[in-house]
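# Results of the structural survey
One letter stands for each residue in the lines below.
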Amino acid sequence: MIKAEQISIFLENRAGRLEEVTRVLAEAGINIRALSLADTSDFGILRLIVSDHEKAKVALKEHGFTVGRNAVVAVEVPDSPGGLHSMLQMLCNGGINVEYMYAFVHQCEHSAVIIVRFDRTDQAIELLQKNNINIIPGDKLYKI
């Protein structure tokens, strides 16, 4: 399984909501591996890579959270000036749009790990592999 599963939680923009999510996950024994939080004045979207996305989704829904799931790709990019740019340029030249991205909490040797959501995920994976960009499979990602 080359794609990774990400869960998205819709949160009201009010004090304590983020703490509630982390409490539910902690009580369920779920480890957060990467996260991104974007907000507006009324609500936020918390995107997470977790150790067990099915268990997390069930636990969060039981506590009244609205939870979605998306396929994302974990890509290793050189941890040097221009490392991210070269990958993005290759994707741009291939007509692939990056919808959003965020960094992973773990560094692999001389590479940074970036979580990416594409408009055309399968085509992006094909292009990345063709250009020898290392993709961390979802099942390995959850265990890093």
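Rules of the game
Residues numbered from 1 in each chain as written. Predicted model: local features only at pLDDT ≥ 70, side-chain atom pairs only at ≥ 80, totals over all residues. Heavy atoms only, no water. Helix = DSSP H or I, 4+ residues; strand = E, 2+ residues; numbered from the N terminus. Buried < 20%, exposed > 50% of the residue type's maximum accessible area, 1.4 Å probe, protein only. Contact = heavy atoms within 4.5 Å. Domains from an automatic or database assignment. Buried area = accessible area lost by both parts, 1.4 Å probe. Salt bridge = Lys/Arg side-chain N within 4 Å of Asp/Glu carboxyl O. Core = buried A, V, L, I, M, F, W, Y, C linked by side-chain atoms within 4.5 Å. pLDDT = per-residue confidence, 0-100. Pairing = 2+ DSSP bridges.

## What to know about the overall build of the protein chain
In terms of helices and strands, the protein chain carries five helices and seven strands. Helices and strands appear in the protein chain in the N-to-C order β-α-β-β-α-β-α-β-β-α-β-α. For the protein chain, the spread of C-alpha atoms along the principal axes amounts to about 45 × 30 × 25 Å. In the protein chain, which comprises 144 residues, the proportion classed as buried is 44%. Partitioning the intrachain contacts of the protein chain with sequence separation of at least 6 by distance along the chain shows that 69% fall at a separation of at least 24.

## Notes on the domain arrangement of the protein chain
Size of an interface, as often reported, equals the accessible area lost when the parts are brought together. Assigned domains of the protein chain: these are domain 1 (4–70) and domain 2 (71–142). Inter-centroid distance (C-alpha atoms) of domain 1 to domain 2 is 23 Å. Residue-level contacts link 14 residues of domain 1 with twelve residues of domain 2. A combined buried area of about 1,200 Å² lies between domain 1 and domain 2, and 56% of that area is made up of carbon and sulfur atoms. Taken as a group, Ala-4, Arg-33 and Asn-70 account for 46% of the area that domain 1 buries against domain 2, more than any other trio of residues on that side. Seen at the junction of domain 1 and domain 2, the total is zero salt bridges.

## Structural notes on the nonpolar core
In summary, soluble globular proteins display a tendency toward joint burial of nonpolar side chains. In terms of nonpolar packing, the biggest core is built from 16 residues, with Ile-7, Ile-9, Val-21, Leu-25, Leu-48, Leu-60 and Phe-65 touching the most fellow members. Of all the elements in the fold, those that place two or more residues in this core are β1 (4–12), α1 (17–27), β3 (43–50) and α2 (53–62). The contacts of Leu-48, once residues within four sequence positions are left out, are Glu-5, Gln-6, Ile-7, Ile-9, Val-21, Leu-25, Ile-32, Ala-34, Leu-35 and Tyr-102. Judged by nonpolar contacts, the second largest core, of 15 residues, contains Val-75, Leu-91, Leu-127 and Leu-128.

## Observations concerning the confidence of the model for the protein chain
Mean pLDDT for the protein chain: 87, with 92% of residues reaching 70 or above. Summarising per-element confidence for the protein chain, the mean pLDDT is lowest in helix α5 (residues 138–141) (74) and highest in α2 (96).

## Notes on the pairing of strand β4 (residues 66–78)
Strand direction decides the pairing type here: β1 and β4, joined by seven bridges, are antiparallel. By the bridge assignment for β4, Glu-5 is matched with Ala-71.

## As for the pattern of salt bridges
As enumerated under the stated definition, the model contains nine salt bridges in all. Among the salt bridges present, the one from Glu-5 reaches Arg-69, with a minimum N-O distance of 2.9 Å. Separated by 64 residues along the polypeptide, Glu-5 in strand β1 and Arg-69 in strand β4 bring together distant segments of the chain. Residue classification places Glu-5 among the buried residues on the basis of a relative accessible area of 15%. The salt bridge partner of Arg-117 is Glu-99, with a shortest N-O separation of 3.3 Å. In this pair, Arg-117 sits in strand β6 (residues 111–118) while Glu-99 sits in strand β5 (residues 98–108), placing the two residues 18 residues apart along the sequence.

## Observations regarding the environment of Ala-74
Along the polypeptide, Ala-74 turns up in strand β4. Distance in space between the C-alpha atoms of Ala-74 and Ala-4 is 7.0 Å, their sequence separation being 70 residues.

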